[in-house]
There are 2 protein chains.
Amino acid sequence: MTDHSPQSGFCCTDHSGAAHTAAILAQAETRARESGVRLTPVRRRTLEILLEAHGALGAYEVLERLSAEGYGTQPPVAYRALNFLVENGFAHRIQRLNAFTACVHPARDHRAAFLICDRCNSVTEGCADSFSQAMIEAASAVGFQLERSTIEAVGLCSACAGKPA
Amino acid sequence: MTDHSPQSGFCCTDHSGAAHTAAILAQAETRARESGVRLTPVRRRTLEILLEAHGALGAYEVLERLSAEGYGTQPPVAYRALNFLVENGFAHRIQRLNAFTACVHPARDHRAAFLICDRCNSVTEGCADSFSQAMIEAASAVGFQLERSTIEAVGLCSACAGKPA
DNA sequence: CTATCTAACGTTATATCATAACAGTCAACA
DNA sequence: TGTTGACTGTTATGATATAACGTTAGATAG
Ligand SMILES: [Zn+2]
Ligand SMILES: [Zn+2]
Ligand SMILES: [Zn+2]
Ligand SMILES: [Zn+2]
């Protein structure tokens, strides 16, 4: 149920358990130390908030929680922390939802793809390394030097697919 | 230079020539007639505006042009026309840019992928039917019923890759 | 131990993107 | 010819994101 190895394609939806949260947070801290970036209190708390969330969170939702806990109350506070997390591989931005989600395997370099449920808005991160490689090659065939890709799929998660419309 | 067949992967960047514009517009009109949707003046003009543009256009850019030509002056005018075009396969939305681009082959059913140049903001539409199929299968392996995907790649177009930074 | 520097944080103000809600128009048609 | 429904337009507002600037606090050089 909980295979985060890079070849596994899409993985499970449930990343909100406390065990996962703690483990992922620990990985993130290790990686931050190794790469010399500072996982400051706001940044760390923002990552925790994302990890505790069931789906992706909008910047203003994150801001609400942060300001309720005594951090800054204005949008840049949330956007700065979130952008830091995204730029350093601790979180991903979900374009379709204008929202952010914690990376489920921040310890390794990877290309991600996302499965977004139309019904319950759950977001599942999967590994898109092979898709990305194929796209880099297809793009290069027309002279385009591909740097990074956004892959977001919309449909029904397994939980919602079972239920009636 | 101008192969729009569905197997060709990414195709050329230059779709702004008058010949292309006219041909694509004609295809769109044919398809609209066939599928019983109404390509009204605002909608048709909006599609022309997208076709004439070199890259993707934001809704407010489209609105500027429309209102300068005597159409409505308020955002819903542009958003309604653009949403109509997207829903009916005449245009695509580029999530990363909050912008819209005319579909280069509105005559056929297809899954699109986009190559977005970081430097000049050009947008190239390519065919992603095979990627999409592969993703549907990968998603189905974890019980996700995939409906549609957004695939957007960022990098340097062939024109910009040659130039100095 | 100070002076200086800089990354990070916080604020105010504003820009940018998008939609809700409702009124007028007009062609289709019972 | 009255009704209907799709379309276009408006006003008003909501949602997302950033620019610009002052403050704080840890790091480093003197
Ligand atoms: Zn990730
Ligand atoms: Zn679901
Ligand atoms: Zn297309
Ligand atoms: Zn370019």
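Residues numbered from 1 in each chain as written. Chains lettered and ligands numbered in written order. Predicted model: local features only at pLDDT ≥ 70, side-chain atom pairs only at ≥ 80, totals over all residues. Heavy atoms only, no water.

Caption draft 1: Structural detail: the interface of chain B and chain A. The interface of chain B with chain A comprises 30 residues on the first partner and 30 residues on the second. With both chains or domains summed, chain B and chain A bury close to 2,900 Å², and 60% of this area falls on carbon and sulfur atoms. Across the chain B-chain A interface, the total number found is 2 salt bridges. Two residues, Arg148 of chain B and Asp118 of chain A, come together in a salt bridge whose shortest N-O distance is 3.2 Å. The interface formed by chain B and chain A holds 14 residue pairs in polar contact (both at pLDDT 80 or more) in total. Among the elements of the structure, β3 (112-117), α5 (129-140), β5 (145-156) and α6 (158-162) of chain B are those that each provide at least two residues to the side of chain B that touches chain A. (Contact = heavy atoms within 4.5 Å. Buried area = accessible area lost by both parts, 1.4 Å probe. Salt bridge = Lys/Arg side-chain N within 4 Å of Asp/Glu carboxyl O. Polar contact = N/O pair within 3.5 Å; in protein donor to acceptor, adjacent residues only side chain to side chain. Helix = DSSP H or I, 4+ residues; strand = E, 2+ residues; numbered from the N terminus.)

Caption draft 2: Main features of the coordination of the zinc ion (ligand 2). All names here are of chain A. Every protein donor of the zinc ion (ligand 2) is listed here as Cys117 (SG), Cys120 (SG), Cys157 (SG) and Cys160 (SG), and their distances to the metal cover 2.2 to 2.3 Å. Coordination geometry of the zinc ion (ligand 2): the 4 donor atoms subtend angles of 106 to 113° at the metal centre, consistent with an arrangement described as tetrahedral. Mapped onto the sequence, the donors of the zinc ion (ligand 2) take the spacing C-x2-C-x36-C-x2-C. The two residues Cys157 and Cys160 agree in class, both being buried. (Donors = N, O, S within 2.8 Å, 3.2 Å for Na, K, Ca; no water. Tetrahedral: all angles 85-135°; square planar, octahedral: opposite > 155°, others 65-115°. Buried < 20%, exposed > 50% of the residue type's maximum accessible area, 1.4 Å probe, protein only.)

Caption draft 3: Here's a closer look at the coordination of the zinc ion (ligand 4). Residues and elements named next belong to chain B. The coordination sphere of the zinc ion (ligand 4) contains the protein donors Cys117 (SG), Cys120 (SG), Cys157 (SG) and Cys160 (SG), at a distance range of 2.2 to 2.3 Å. Classification of the site at the zinc ion (ligand 4) rests on its 4 donor atoms, whose angles at the metal span 106 to 114°, yielding the label tetrahedral. For Cys157, a relative accessible area of 6% puts it in the buried group.

Caption draft 4: Local environment of the protein's contact with DNA strand C. Near DNA strand C there are 17 residues, and of these Thr40, Gln74 and Arg80 of chain A together with Tyr60 and Arg93 of chain B occur at the shortest range. Here DNA strand C approaches the protein such that, of its atoms within 4 Å, sugar and phosphate make up 56%. For DNA strand C, a phosphate oxygen lies 3.3 Å from a polar atom in the side chain of Arg43 of chain A. Note that a base nitrogen of DNA strand C is positioned 2.7 Å from one of the side-chain N or O atoms of Tyr60 of chain B. Here the residues of the surface near DNA strand C sort into 8 nonpolar, 5 polar and 4 charged. (Near = heavy atom within 4 Å. Nonpolar A, V, L, I, M, F, W, Y, C, P; charged D, E, K, R; others polar.)

Caption draft 5: Expanded view of the pairing of strand β3 (residues 112-117) of chain A. Residue and element names in this part refer to chain A. Burial within β3 is extensive, with 6 of its 6 residues counted as buried. Where β3 and strand β4 (residues 123-127) come together, 5 bridges link them in antiparallel fashion. Within the sheet, the bridge partner assigned to Leu115 lies in β4 and is Thr124. (Pairing = 2+ DSSP bridges.)

Caption draft 6: Region of the structure containing the protein's contact with DNA strand D. Not every one of the 17 residues close to DNA strand D is listed here, only the nearest: Tyr60 and Arg93 of chain A together with Thr40, Gln74 and Arg80 of chain B. Measuring from a base nitrogen of DNA strand D, one finds a side-chain N or O atom of Tyr60 of chain A at 2.7 Å. In the environment of DNA strand D, a phosphate oxygen lies 2.9 Å from a nitrogen or oxygen atom belonging to the side chain of Tyr79 of chain A. When residues of the surface near DNA strand D are traced back to their parent elements, those giving at least two are α4 (75-87) of chain A together with α2 (41-52) and α4 (75-87) of chain B.

Caption draft 7: Broad picture of the sheet that holds β4 of chain A. If you trace the 6 strands from one edge of the open sheet to the other, you get β4(A)-β3(A)-β5(A)-β5(B)-β3(B)-β4(B), paired in mixed fashion. The two strands at the open ends of the sheet, each matched to only one other strand, are β4 of chain A together with β4 (123-127) of chain B. Put simply, the sheet's adjacent strands are angled 25° from each other on average, direction ignored. Relative to the sheet, helix α5 (residues 129-140) of chain A contacts β4 and β5 (145-156) of chain A together with β3 and β5 of chain B, its axis offset from that of β5 of chain A by approximately 130°. (Axes fitted to C-alpha atoms, helices over the stretch in contact; angles between N-to-C directions.)

Caption draft 8: Helix α3 (residues 59-68) of chain B, seen in detail. Residues and elements named next belong to chain B. Those residues of α3 that fall on the buried side of the exposure criterion are Ala59, Val62, Leu63 and Leu66. Down the axis of α3, the buried side of the element spans an arc of 100°, and every buried residue falls inside it. Summarising the geometry of α3, the exposed residues directed more than 90 degrees from the buried face are Tyr60, Glu64 and Ala68. Those residues of α3 hidden inside the fold are in contact with α2, α4 and β2 (99-102). (Arc of directions from axis to C-beta.)

Caption draft 9: View of unusual backbone geometry. Residue and element names in this part refer to chain B. Even without a glycine there, the phi angle at Asn98 is positive, about 45°. Mapped onto the elements, Asn98 comes out in the loop between β1 (91-94) and β2. Residue classification places Asn98 among the exposed residues on the basis of a relative accessible area of 51%. Of note in the backbone geometry, Asn121 takes a positive phi value of approximately 65° without being a glycine. For Asn121, the location among the structural elements is in the loop between β3 and β4.

Caption draft 10: Examining the confidence of the model for chain A more closely. Predicted confidence across chain A gives a mean pLDDT of 89, with 87% of residues reaching 70 or more. Note that residues 1-9 of chain A has pLDDT below 50 and, in this model, 17 contacts with residues that lie over four places away or in other chains. (pLDDT = per-residue confidence, 0-100.)

Caption draft 11: Summary view of the packing of aromatic side chains. Per the stated rule, a full pass over the model turns up 4 aromatic pairs over all chains. Judged by centre distance (6.2 Å) and plane angle (75°), the rings of Tyr60 of chain A and Tyr79 of chain A are edge-to-face. Of this pair, Tyr60 of chain A sits in helix α3 (residues 59-68) while Tyr79 of chain A sits in helix α4, placing them 19 residues apart in sequence. We classify Tyr79 of chain A as partly exposed; its relative accessible area is 31%. Between the NZ or CZ atom of Arg43 of chain B and the centre of the ring of Phe84 of chain B, over which it lies, the distance is 3.9 Å. (Phe/Tyr/Trp six-rings, centres within 6.5 Å; stacked < 30°, edge-to-face > 60°. Lys NZ or Arg CZ within 6 Å of the ring centre and 35° of its normal.)

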